[in-house]
Amino acid sequence: MNPHIILLGAPGSGKGTQAVKMVEDYGFLHVSTGELLRTEVKKGSSLGKAIQKTIETGKLVDNPTMLELLNANCDFNKSSYILDGYPRNIDQVKALNQLDLVKHKFYALYFDVNMDALQKRIVNRRSCKKCSRIFNLAFDPPKHSSVCDSCGGELIQRSDDTEEVVKKRMTVYNSTITPVLDYYRGRKVLIEVNASKTPNEVYAELKEKLKMIL
Ligand SMILES: [Zn+2]
């Protein structure tokens, strides 16, 4: 069994794209906690209702809820997971220590992207209204502008994908991720990839680094 991977990287660092490739090539199971939360809310379970209430008030879903959700959806003894979206701050990192995941071999994989690259990436990002596929006008353009290659849906830009918003988001992100990186570095399980390059170049570097642990 491969080790588990905890994905770390700012919004727009391209970690989602890289996770898809890792799933295809190495057989990881990709768990997006954002997706788990949305699915649970849709189910309308008592847990889902509690989550909805928290999200509506603009608060972070608390750690016990996140752990319950992960335990219900993952068997860390059976499969190798890529955990995407959690943990995002040092409190969550410490909470995660209660899960089976960290009793196995695991690594934290950080997609390090510089501000200029990130801005370019985010302001060029378009997503399909229908199937949510993400395109990038600079790196991964659709065949026809504003039309999805997969389903023909309309491509739209998120209203918060602007330079100003990106800058603010990054400042907040950097201050919360630094203690997380320090923690995993201290445990000698941190792998860093330069994510400012093109997706293919990033994946090439990632594969080289994975060779050392898989
Ligand atoms: Zn589409």
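Just above sits the structure.
If you're wondering where the values come from, they're calculated on a predicted model, not measured in any experiment. (Residues numbered from 1 in each chain as written. Predicted model: local features only at pLDDT ≥ 70, side-chain atom pairs only at ≥ 80, totals over all residues. Heavy atoms only, no water.)

### Side note on the overall build of the protein chain
When you go through the protein chain residue by residue, the secondary structure sums to 8 helices and 8 strands. Taken over C-alpha atoms, the radius of gyration comes to 18 Å for the protein chain, in line with the 17 Å a tight globule of 214 residues would show. Each principal axis of the C-alpha atoms in the protein chain carries an extent, and together these give about 45 × 45 × 35 Å. Taking all 214 residues of the protein chain together, the buried fraction comes to 42%. Entry remark: accessible area of the protein chain is about 11,700 Å², with carbon and sulfur atoms responsible for 51%. (Helix = DSSP H or I, 4+ residues; strand = E, 2+ residues; numbered from the N terminus. Rg over C-alpha atoms; globule rule 2.2 N^0.38 Å. Buried < 20%, exposed > 50% of the residue type's maximum accessible area, 1.4 Å probe, protein only. Areas by Shrake-Rupley, 256 points an atom, 1.4 Å probe, with all protein chains shown as cover.)

### Examining helix H2 (residues 33-43)
The periodicity of an α-helix, 3.6 residues per turn, causes residues three or four positions apart to be oriented the same way. The complete set of buried residues in H2 reads Thr33, Leu36, Leu37 and Glu40. Projection of H2 onto a plane perpendicular to its axis shows the buried side chains occupying an angular sector of 100 degrees, all on one side. For H2, the exposed residues set more than 90 degrees away from the buried face come down to Arg38 and Lys42. Packing partners of the buried residues in H2 comprise strand S2 (29-32), helix H3 (46-56), helix H4 (63-73) and strand S3 (81-84). Count one or two residues on from H2 and you reach Gly44, which has phi positive near 75 degrees. (Arc of directions from axis to C-beta. Contact = heavy atoms within 4.5 Å.)

### A closer look at the coordination of the zinc ion
Bound to the zinc ion on the protein side are Cys128 (SG), Cys131 (SG), Cys148 (SG) and Cys151 (SG), at distances that span 2.3 to 2.4 Å. Because the angles between the 4 donor atoms bound to the zinc ion fall within 98 to 116 degrees, the donor set is best described as tetrahedral. Mapping the donors of the zinc ion onto the primary sequence yields the spacing C-x2-C-x16-C-x2-C. Residue Cys148 is classed as buried on the basis of its relative accessible area of 4%. (Donors = N, O, S within 2.8 Å, 3.2 Å for Na, K, Ca; no water. Tetrahedral: all angles 85-135°; square planar, octahedral: opposite > 155°, others 65-115°.)

### Thoughts on the sheet that holds strand S7 (residues 155-156)
Within the open sheet, the 3 strands sit side by side as S6-S5-S7. Their pairing is antiparallel. What marks the edges here is a single partner per strand, and that holds for strand S6 (134-136) and S7. Here strand S5 (residues 125-128) runs beside S7; their pairing, made up of 2 bridges, is antiparallel. Pairing of Ser127 across the sheet is with Ile156, part of S7. (Pairing = 2+ DSSP bridges.)

### A word on the environment of Val102
Residue placement: Val102 occurs in the loop between helix H5 (90-96) and strand S4 (106-112). Judged by its relative accessible area of 14%, Val102 falls in the buried class. For the pair formed by Val102 and Ile55, sequence separation is 47 residues and the distance between their alpha carbons is 27 Å. Ignoring any residue separated from it by four or fewer positions in sequence, one finds Val102 in contact with Leu96 and Asn97.

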